[in-house]
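# Inside the fold
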Amino acid sequence: MIDLATPHAALTDASISHLGRVIGTFLVSPGFGGAAAVLAAALAYRAAAKTRANAKAQAEADRNNALDDREDDRWWSMYRLVYEDAPGMGEKGATLALEALEEKAHTGEQDSFLVVLSERLQPTDAVVEEETS
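Just so it is clear, the model here is predicted, and its values are computed rather than measured.

### Comments concerning the nonpolar core
Grouped together as the largest cluster of nonpolar side chains are 13 residues, with contacts concentrated most on Trp 75, Tyr 79, Val 82, Leu 101, Leu 114, Leu 117 and Leu 121. Only α2 (30–85), α3 (91–104) and α4 (108–121) provide two or more residues apiece to this core. What Leu 121 contacts, discounting residues up to four positions off in sequence, is Val 82, Ala 86, Ala 94 and Leu 98.

Written out as structure tokens, the structure reads:
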């Protein structure tokens, strides 16, 4: 009776030996060299694409930071101007200046300085008495 599920030991040894020769022949063949070259090229392309994407993202982040810095510089320039000219502004001018600054404020520090400025722009009792006299 023949057991098909269990190959004969000699057949198994021959199959493994043949497989080893086939793999050994392939490893020293130009086909393996070509496959390795294609794999290396694919890995290099992927690395270059990732580097390019990272550089692009960094450039975008740098550009956004520069824009934010310019916006902050403009906000502080407007703040200084309003702060220095506050006594000469009328109530309407002060209100418009505060609204413009509040609209552009985007940090907690700027919000805090707006509170200081709004206090400065509120007419005191002495100023109100001078205006009515």
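### Observations concerning the packing of aromatic side chains
A complete count under the given rule lists seven aromatic pairs for this structure. Relative to Trp 76, the ring of Trp 75 lies with its centre 4.7 Å away and its plane at 85°, an arrangement referred to as edge-to-face. Trp 75 sits in the buried class, given a relative accessible area of 2%. Assessed through its relative accessible area of 18%, Trp 76 is described here as buried.

### What about a nonpolar patch on the surface?
A surface patch of nonpolar side chains, about 590 Å² in accessible area, is lined by Leu 19, Ile 23, Phe 26, Leu 27, Val 28 and Phe 32. Top contributing element to the nonpolar patch by residue count: helix α1 (residues 9–27), with four residues. Take Leu 27: it is sitting in helix α1.

### Remarks on the pattern of salt bridges
Overall, the coordinates contain one salt bridge when judged by the stated rule. The salt bridge partner of Glu 60 is Arg 63, with a shortest N-O separation of 3.5 Å. Residue Glu 60 and its partner Arg 63 are located together in helix α2, separated by three residues, close to a single helical turn. Assessed through its relative accessible area of 38%, Glu 60 is described here as partly exposed.

### Remarks on α2
The terminal C-alpha atoms of α2 lie 82 Å apart, and with 56 residues this matches the ideal 82 Å at 1.5 Å per residue to within 8%. When α2 is considered as a whole, its buried residues turn out to be Asp 72, Trp 75, Trp 76, Tyr 79 and Val 82. Contacts from the buried residues of α2 go to α3 and α4.

### Digging into α3
The terminal C-alpha atoms of α3 lie 20 Å apart, and with 14 residues this matches the ideal 20 Å at 1.5 Å per residue to within 8%. The complete set of buried residues in α3 reads Ala 94, Ala 97, Leu 98 and Leu 101. Looking straight down α3, one finds its buried side chains confined to an arc of 100°; they lie on one side. In α3, the exposed positions angled more than 90 degrees off the buried face are occupied by Lys 92, Leu 96 and Glu 103. Turning to α3, the residues buried within the fold contact α2 and α4.

Quick notes on the rules
- Residues numbered from 1 in each chain as written.
- Predicted model: local features only at pLDDT ≥ 70, side-chain atom pairs only at ≥ 80, totals over all residues.
- Heavy atoms only, no water.
- Core = buried A, V, L, I, M, F, W, Y, C linked by side-chain atoms within 4.5 Å.
- Buried < 20%, exposed > 50% of the residue type's maximum accessible area, 1.4 Å probe, protein only.
- Helix = DSSP H or I, 4+ residues; strand = E, 2+ residues; numbered from the N terminus.
- Contact = heavy atoms within 4.5 Å.
- Phe/Tyr/Trp six-rings, centres within 6.5 Å; stacked < 30°, edge-to-face > 60°.
- Patch = residues over 30% accessible without salt bridge, like charges linked within 9 Å, V, L, I, M, F, W, Y side chains within 5 Å.
- Areas by Shrake-Rupley, 256 points an atom, 1.4 Å probe, with all protein chains shown as cover.
- Salt bridge = Lys/Arg side-chain N within 4 Å of Asp/Glu carboxyl O.
- Expected span 1.5 Å × (residues − 1).
- Arc of directions from axis to C-beta.

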